[in-house]
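Coordinate inspection notes
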There are 2 protein chains.
Amino acid sequence: MKRPTIADIARRAGVSKGAVSYALNGQPGVSEATRRRIVAIAEEIGFNPNSAARALSGASSRAVGLTLCRPARILSIEPFFMGLISGFEQELAARSFALTLQVVATPQTETEVYRRWWGERRVDGVFVTDLRENDVRIPVLNELQLPAVVIGGPGDTGKVPQLWSDDAGAITEAVRYLMALGHRRIARVGGLPDLLHTQTRTRAFTEVCAALGLSEAVTVPSDYTGEEGGRATRRLLINAERPTAIIYDNDVMAVAGLSVAQEMGLSVPGDLSIVAWDDSPLCSLVHPPLTALTRDIAAYGAHAARQLLAAIAGEPVQDVEEGTAHLTPRGSTAPPRDS
Amino acid sequence: MKRPTIADIARRAGVSKGAVSYALNGQPGVSEATRRRIVAIAEEIGFNPNSAARALSGASSRAVGLTLCRPARILSIEPFFMGLISGFEQELAARSFALTLQVVATPQTETEVYRRWWGERRVDGVFVTDLRENDVRIPVLNELQLPAVVIGGPGDTGKVPQLWSDDAGAITEAVRYLMALGHRRIARVGGLPDLLHTQTRTRAFTEVCAALGLSEAVTVPSDYTGEEGGRATRRLLINAERPTAIIYDNDVMAVAGLSVAQEMGLSVPGDLSIVAWDDSPLCSLVHPPLTALTRDIAAYGAHAARQLLAAIAGEPVQDVEEGTAHLTPRGSTAPPRDS
DNA sequence: CTGCAACACTTAACCGATCAAGTCATCCGT
DNA sequence: ACGGATGACTTGATCGGTTAAGTGTTGCAG
């Protein structure tokens, strides 16, 4: 079955290709009557403009790209990215932009993918997640002048706009809440230490604990996997002076921590309080349900998509700090039993 | 910064555009020496063929599409799709095909997306998941002659090839295992009842239970969410003659079931054994870790991608039944306490 | 020495849009 | 009645590749 082109429409309407193009794109140069006739024919024969032809002659390919740099094993149960993608789609679908996805192994590979996408003119812009210190991707984006939005800063991104959430504020709220419950030994299982937002969180955690007089606030680095999160928890809990509360940098590690505690015969929240960061449905799924730092990931993604589309349209885009995640208390936090 | 084109290469190599095209595509018509010179120049200036131009003049856009038809809330913690996507990528990246993603609300919308993608020539083929009875997408795919692979049959898909796993075999193994442990009251919390593979599982479960003399085998339909899975579990467990083992159609519901059991004061596996279908890392994360029906989702996805790429290349593609999921016993199954 | 095939290219049409420039008819003010 | 502006189109170049058809050179058999 042959795909209809503007030439087909032009023939049926008895006008030229150019007129059809003007009519369908709402450009001046055709009368209202002709425009309506052309639009009607286009609808009737189910016309969709060939995106290749459009991208070739004009400007945009109406597609944006996202690279995911995590091993498959982690990706599959990491709720963050799918939440983000859902958010992107809300905005992208509305303006009929496509989302192109690529799973990669290293940030280095990501730069190669950006170069290829740019060279192939496959995407008009990209989402950049997991910002690192001296991130290798930033100079490439600036060099290519590829429109982009960084999700998760703040950092030194040159002219690339970024979007982040107030991690320091969120962790402060969590620590103060745990202190108010009576906790004095609070630990944290962090995400990948290379990531800039992990560093922000670690710094803020250390600072707020120091400010509040908690001397033993320790962050154990981890990698967002359940296994590592579980191991980190075990290491924390075998200490004589074990923490009475642990804050986790993602929900997967928090769930793993919960099951390690249970496996070690500790009751949650009696012996150990748990706070998860990012409140995916997973947190309400386990028993007890996890107290979590809640933010609307889909809204975050939608916001990023709006930023990216604006950048693609050539509008000035500013760095934005999204609202602070708020604490959603659930069954996994309580006053420590022996305090 | 201007993107290099074959015209740039041609100028530098002192040959025509056509020669460059032949050289870079491995076509005959240029000498080895010239080919090497051209390839070297292309590498040096970082040439990538404009995908729009290529798609326009030639055949393929070197992209395939995937539509995801689940609410955002479910998508974010449903490990299946991300696992599948990782599998797709293994094959696609190797042949530098891009994956275009779209989240949609209904199967009806999916058909519209297929039509648009096809009309826009945006993708060369699509992955179709969640096959339903009399699926509205199938006639559209056949009408458009859009290459596709259905993941999760078997069903009546006309000329569209499909790939499925032996659900009946898997569930038989699970039921026999539970019987061998001494269970006589086995229930199942099923996935979305519209989906063809859910129906296959339900039929097989009913049949195998009947064949083995389990009269009370009941399937409670659900929707893959934790909430519904938890509710279904609660409904099963408040019966006087409550089941001693439950098989869940996905891991999220199984985890929810586990926490409902714990919340009701039942011990797992003492009072209730739990088997999850699809063994994501989530199953090993909780306490006790869940016995699961394991299959390699990424390999499944990779296989599907190979099938789709073959279909796109015009090669004949046959329906394939992937291997049976095998049972991975973990801590959530044991002989029933009071039998 | 001729004829012809094989090779190594070049030329130019083509894919399906966009858009600047050109054409033609109509209207309007003076 | 005429010049000029305006509207409603058409024409044709263009984007960057692919590819069929054409061209010129070389080698070799007869």
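Everything below is about the structure printed above this text.
As for the overall build of chain A
A count of helices and strands for chain A gives 14 helices and 12 strands. Considered along the principal axes of its C-alpha atoms, chain A spans approximately 85 × 40 × 30 Å. By residue count, 51% of the 339 residues in chain A fall in the buried class. For chain A, the proportion of contacts with a sequence separation of at least 24, taken over those separated by at least 6, is 69%.

A short note on the sheet that holds strand 8 (residues 245–248) of chain B
Residues and elements named next belong to chain B. Spatially, the 6 strands line up as an open sheet ordered 7-6-8-9-10-12, and their pairing is mixed. Two strands lie at the open edges of the sheet, namely strand 7 (218–220) and strand 12 (326–328), each paired on one side alone. With direction set aside, neighbouring strand axes in the sheet form an average angle of 20 degrees. The pairing of strand 9 (residues 273–277) with strand 10 (residues 291–294) spans 3 bridges and is parallel. Bridge assignment links Val-275 to a residue of strand 10, and that residue is Thr-291. With respect to the sheet, helix 11 (residues 226–237) is in contact with strand 6 (186–189), strand 7 and strand 8, its orientation differing from that of strand 6 by roughly 155 degrees.

Here's the deal with the relation of the copies chain A and chain B
With an RMSD of 0.1 Å, the operation that places chain A on chain B is a rotation of 180 degrees combined with a shift of 0.0 Å along the axis. Each copy turns onto its partner about a two-fold axis. Here 100% of the contact residues of chain A are again contact residues in chain B; the copies associate through an equivalent surface.

Remarks on the interface of chain A and chain B
If you look at the interface, chain A gives 53 residues, while chain B gives 53 residues. Counting only elements with at least two residues in the side of chain A that touches chain B, the list comes to helix 4 (51–57), helix 5 (72–77), helix 6 (79–94), strand 2 (98–103), helix 7 (107–120), helix 12 (251–263) and helix 13 (281–285) of chain A. When residues of the side of chain A that touches chain B are assigned to their parent elements, the largest contribution, 7 residues, is made by helix 6 of chain A. Residues belonging to the side of chain A that touches chain B are distributed by class as follows: 27 nonpolar, 17 polar and 9 charged. When strand 2 of chain A meets strand 2 (residues 98–103) of chain B, the two strands line up antiparallel, connected through 3 bridges. Across the sheet, Thr-100 of chain A pairs through a bridge with Thr-100 of chain B, a residue of strand 2 of chain B.

Looking at the sheet that holds strand 7 (residues 218–220) of chain A
Residues and elements named next belong to chain A. The strand order across the open sheet built from 6 strands is 7-6-8-9-10-12, with neighbouring strands paired in mixed fashion. Of all the strands in the sheet, just strand 7 and strand 12 (326–328) have a single pairing partner and so form its edges. Direction aside, the axes of adjacent strands within the sheet are offset by 20 degrees on average. Where helix 11 (residues 226–237) meets the sheet, it contacts strand 6 (186–189), strand 7 and strand 8 (245–248), and its direction lies at approximately 155 degrees from that of strand 6.

With respect to the protein's contact with DNA strand C
Around DNA strand C sit 25 residues in total, of which Gly-18 and Ser-57 of chain A together with Ser-16, Gly-18 and Ser-57 of chain B are the nearest. The set of elements that each furnish at least two residues to the surface near DNA strand C consists of helix 1 (6–13), helix 2 (17–24) and helix 4 of chain A together with helix 2 (17–24) and helix 4 (51–57) of chain B. Per-element tally for the surface near DNA strand C: the top contributor is helix 4 of chain A, with 4 residues. Here the surface near DNA strand C is built from residues that sort into 9 nonpolar, 13 polar and 3 charged.

Things to note about the nonpolar core
The biggest cluster of nonpolar side chains holds 182 residues, and the ones touching the most others in it are Val-149 of chain A together with Phe-127 and Val-149 of chain B. Once you skip the residues sitting within four places of it in the chain, Val-149 of chain B turns out to touch Phe-127, Val-128, Pro-161, Gln-162, Leu-163, Ala-304, Gln-307, Leu-308 and Ala-311 of chain B.

Here's the deal with the environment of Asn-48 of chain B
In this structure, Asn-48 of chain B sits in the loop between helix 3 (32–44) and helix 4. Take Asn-48 of chain B: there are 18 C-beta atoms within 10 Å of it, and that puts it in the partly exposed class. Distance in space between the C-alpha atoms of Asn-48 of chain B and Gly-87 of chain B is 25 Å, their sequence separation being 39 residues. When near neighbours in sequence (up to four residues on either side) are disregarded, Asn-48 of chain B contacts Arg-116, Gly-119 and Glu-120 of chain A.

As for the protein's contact with DNA strand D
Lining the immediate environment of DNA strand D, one finds 25 residues, of which Ser-16, Gly-18 and Ser-57 of chain A together with Gly-18 and Ser-57 of chain B sit closest. Contributing elements (two or more residues each) for the surface near DNA strand D: helix 2 and helix 4 of chain A together with helix 2 and helix 4 of chain B. Taken together, the residues that form the surface near DNA strand D break down as 9 nonpolar, 13 polar and 3 charged.

What about the environment of Ala-232 of chain A?
All names here are of chain A. Structurally, the position occupied by Ala-232 is in helix 11. Ala-232 sits 152 residues away from Phe-80 along the chain, and the two C-alpha atoms are 21 Å apart. In this structure, Ala-232 is in contact with Val-189, Val-220 and Ser-222, ignoring residues within four places of it in sequence.

Here's the deal with unusual backbone geometry
Residues and elements named next belong to chain A. The residue after His-287, namely Pro-288, is reached through a cis peptide bond having omega -5 degrees. Structurally, Pro-288 can be placed in the loop between helix 13 and strand 10 (291–294). Backbone geometry places Gln-145, a non-glycine residue, at a positive phi of 55 degrees. You can see Gln-145 is positioned in the loop between helix 8 (137–144) and strand 4 (148–151). The phi dihedral of Tyr-224 falls on the positive side, at around 75 degrees, and the residue is not glycine. Here Tyr-224 lies in the loop between strand 7 and helix 11.

Let's talk about the packing of helix 7 (residues 107–120) of chain B against helix 8 (residues 137–144) of chain B
All names here are of chain B. Contact geometry for helix 7 and helix 8: axes closest at 9 Å, N-to-C directions at 10 degrees. Viewed along their axes, helix 7 and helix 8 adopt a mutual orientation that is roughly parallel. Two packed elements cross with a definite hand, and for helix 7 against helix 8 that hand is right-handed. Contact residues: Pro-107, Glu-110, Thr-111, Tyr-114, Arg-115 and Trp-118 in helix 7; Arg-137, Val-140, Leu-141 and Leu-144 in helix 8. Classifying every residue of the contact of helix 7 with helix 8 by side-chain character gives 6 nonpolar, 1 polar and 3 charged.

So, how was this worked out
- In every chain, residue numbers begin from 1 and rise along the written sequence.
- As a convention, the first chain written is A and the first ligand written is 1, with the rest following in written order.
- With pLDDT at 70 or above as the cut-off, local features in this predicted model cover only qualifying residues; side-chain atom pairs require 80 or more to be listed or tallied, and sums for whole chains, interfaces and linings still use all residues.
- The way it works is that DSSP assigns letters per residue, a run of H or I at least four long becomes a helix, a run of E at least two long becomes a strand, and they are numbered from the N terminus.
- To assign burial, the other C-beta atoms lying within 10 Å of each residue's own C-beta are counted, with C-beta atoms placed from the backbone; 20 or more indicates buried, 12 or fewer indicates exposed, and intermediate counts indicate partly exposed.
- Our contact criterion uses C-beta atoms placed from the backbone: two residues qualify when those atoms are within 7 Å.
- For two strands to be treated as a pair, DSSP must find at least two bridges joining them.
- The convention used is that axes are lines fitted to C-alpha atoms, helices contributing only their stretch in contact, and that angles between N-to-C directions extend from 0 to 180 degrees.
- In superposing the copies, a least-squares fit is computed on C-alpha atoms, taking residues whose pLDDT is at least 70 in both.
- By the convention adopted, Pro, Cys, Tyr, Trp, Phe, Met, Ile, Leu, Val and Ala count as nonpolar, Lys, Arg, Asp and Glu as charged, and the other residues, Gly among them, as polar.
- Using the backbone to place each C-beta atom, any residue with that atom within 6 Å of a molecule or strand is considered near it.
- Note on terminology: a nonpolar core is a set of buried residues of type Ala, Val, Leu, Ile, Met, Phe, Trp, Tyr or Cys, with members joined through C-beta atoms within 7 Å.
- Note on terminology: angles under 35 degrees are roughly parallel, angles over 145 are roughly antiparallel, angles of 65 to 115 are roughly perpendicular, and the others are oblique.
- Note: crossing handedness is left-handed where the near helix turns anticlockwise from the far helix by less than a right angle, and right-handed where it turns clockwise.

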